[in-house]
Amino acid sequence: MPEKKKILTAKQYRRNQRSRTCQNVLKVLMILTGIVTVFIHLGQAWGWISNANAGDNWPSNYADYGWFMVVGTILLAIAIILVLFHLNWVSIGIGTVGGILCAGMVFLFVHYASANSFYSDLLNMQVKNLYVLEEIPAMAAFVCLWGVGLLQFWSEEAVEKRRKKRAEKDAEAPSILGEL
């Protein structure tokens, strides 16, 4: 027997349209800010690794911080790709770990830069302010990742799919009373 298509009310239809539009806007923002974040973080990490290895008045552990930044950036990029395949909770978990790694490394560097009064002559600003400004795309990508993941999880289609799966599982369960 063919499956009946659920008929939506006008209110449900408008809500679904708003949800889909919001998801699509967040996906575009997430992809764009994710690309910017990858380039910014990998550039920062490369600078930390090369400066720490060259011994330019940098502590040697900043090379390790750079590698942690690379790992965090890769995890964040993987999470952005996974959320596009509707692996919502997995991507949110991986993205959270990647975001915490990146933010932690930037926090450590900002602390070091402010303690040593690093200054950028090229941009005419304190380096700590520069790094904080460079984190805005990463925060935007992280927020969009969470937004898309939660919107996809609570979308009408996903809820209906979980409801059907649960009904099939309950229908297949043998009776605990047996045949009477």
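Higher on the page you've got the structure.
Keep in mind that what you see is a predicted model, and the values were worked out from it rather than measured.

A separate point is a positive patch on the surface. Residues Lys 11, Arg 14, Arg 15 and Arg 18 make up a contiguous surface patch of positive charge. With respect to the helices and strands, the residue Arg 14 is situated in helix 1 (residues 10-54).

The end-to-end C-alpha distance of helix 2 (residues 61-84), which contains 24 residues, comes to 35 Å, matching closely the 34 Å that a straight helix rising 1.5 Å per residue would cover. Following helix 2 by one or two positions, His 86 adopts a phi angle in the positive range, close to 65 degrees.

Attention shifts here to the packing of helix 3 (residues 88-115) against helix 4 (residues 127-134). Axis separation between helix 3 and helix 4 bottoms out at 8 Å; the angle between their running directions is 160 degrees. With respect to each other, helix 3 and helix 4 are oriented roughly antiparallel. Of the two elements, helix 3 crosses helix 4, and the hand of that crossing is left-handed. Only Val 127, Lys 128, Tyr 131 and Val 132 of helix 4 make contact with helix 3, whose side of the interface consists of Val 106, Phe 109, Val 110, Ala 113 and Ser 114.

Attention now moves to unusual backbone geometry. The phi torsion of most residues other than glycine is negative, and most of the peptide bonds are trans. Phi is positive for His 86, which is not a glycine, with a value near 65 degrees. Along the chain, the position of His 86 falls in the loop between helix 2 and helix 3. Overall, His 86 belongs to the partly exposed group, its relative accessible area being 48%. If you check the backbone angles, Ser 117 has positive phi at about 55 degrees while not being a glycine. By the element assignment, Ser 117 lies in the loop between helix 3 and strand 1 (119-120).

Relative to the helices and strands, Phe 153 is located in helix 5 (residues 136-153). A C-alpha to C-alpha distance of 15 Å links Phe 153 and Val 143, two positions 10 residues apart in sequence. When residues no more than four places from it in sequence are discounted, the contact partners of Phe 153 are Asn 88, Trp 89, Ala 158, Val 159 and Arg 162.

With that settled, consider the packing of aromatic side chains. Throughout the structure, instances matching the rule amount to 10 aromatic pairs. Pairing Tyr 112 with Phe 118 gives two aromatic rings, centres 5.5 Å apart and planes at 90 degrees, and the pair type is edge-to-face. Ring centres of Phe 153 and Trp 154 lie 4.9 Å apart, and the angle between their planes is 85 degrees; on these two criteria the pair is classed as edge-to-face. Residue class for Phe 153 comes out buried when judged on its relative accessible area of 18%. Accessibility expressed as a relative area gives 59% for Trp 154, which makes it exposed. Three or more aromatic residues joined by ring pairs make a cluster, and in this case those are Trp 48, Tyr 62, Tyr 65, Phe 109, Tyr 112, Phe 118 and Tyr 131. Arg 162 extends its terminal NZ or CZ atom over the ring of Phe 153, reaching a point 3.9 Å from the ring centre. Taking the ring centre of Trp 154 as reference, the NZ or CZ of Arg 162 above it sits at 5.7 Å.

Here helix 1 crosses helix 5 at 145 degrees, and the two axes come no closer than 8 Å. Crossing angle aside, the handedness with which helix 1 passes helix 5 is left-handed. Of the residues in the contact of helix 1 with helix 5, the class split is 14 nonpolar, 8 polar and 1 charged.

This part takes up a nonpolar patch on the surface. Together, Ile 31, Ile 35, Phe 39, Ile 81, Leu 84, Phe 85, Leu 87 and Val 90 make up an exposed nonpolar region whose accessible area comes to about 780 Å². Breaking the nonpolar patch down by element, the ones donating at least two residues are helix 1 and helix 2. The element that contributes the greatest number of residues to the nonpolar patch is helix 1, accounting for 3 residues. With respect to the secondary-structure elements, Phe 39 resides in helix 1.

What counts, and where the lines are drawn
- Residues numbered from 1 in each chain as written.
- Predicted model: local features only at pLDDT ≥ 70, side-chain atom pairs only at ≥ 80, totals over all residues.
- Heavy atoms only, no water.
- Patch = residues over 30% accessible without salt bridge, like charges linked within 9 Å, V, L, I, M, F, W, Y side chains within 5 Å.
- Areas by Shrake-Rupley, 256 points an atom, 1.4 Å probe, with all protein chains shown as cover.
- Salt bridge = Lys/Arg side-chain N within 4 Å of Asp/Glu carboxyl O.
- Lys, Arg positive; Asp, Glu negative; His and termini not counted.
- Charge placed at Lys NZ, Arg CZ, Asp CG, Glu CD.
- Helix = DSSP H or I, 4+ residues; strand = E, 2+ residues; numbered from the N terminus.
- Expected span 1.5 Å × (residues − 1).
- Axes fitted to C-alpha atoms, helices over the stretch in contact; angles between N-to-C directions.
- Parallel < 35°, antiparallel > 145°, perpendicular 65-115°, else oblique.
- Left-handed = near helix turned anticlockwise from the far one by under 90°.
- Contact = heavy atoms within 4.5 Å.
- Buried < 20%, exposed > 50% of the residue type's maximum accessible area, 1.4 Å probe, protein only.
- Phe/Tyr/Trp six-rings, centres within 6.5 Å; stacked < 30°, edge-to-face > 60°.
- Lys NZ or Arg CZ within 6 Å of the ring centre and 35° of its normal.
- Nonpolar A, V, L, I, M, F, W, Y, C, P; charged D, E, K, R; others polar.

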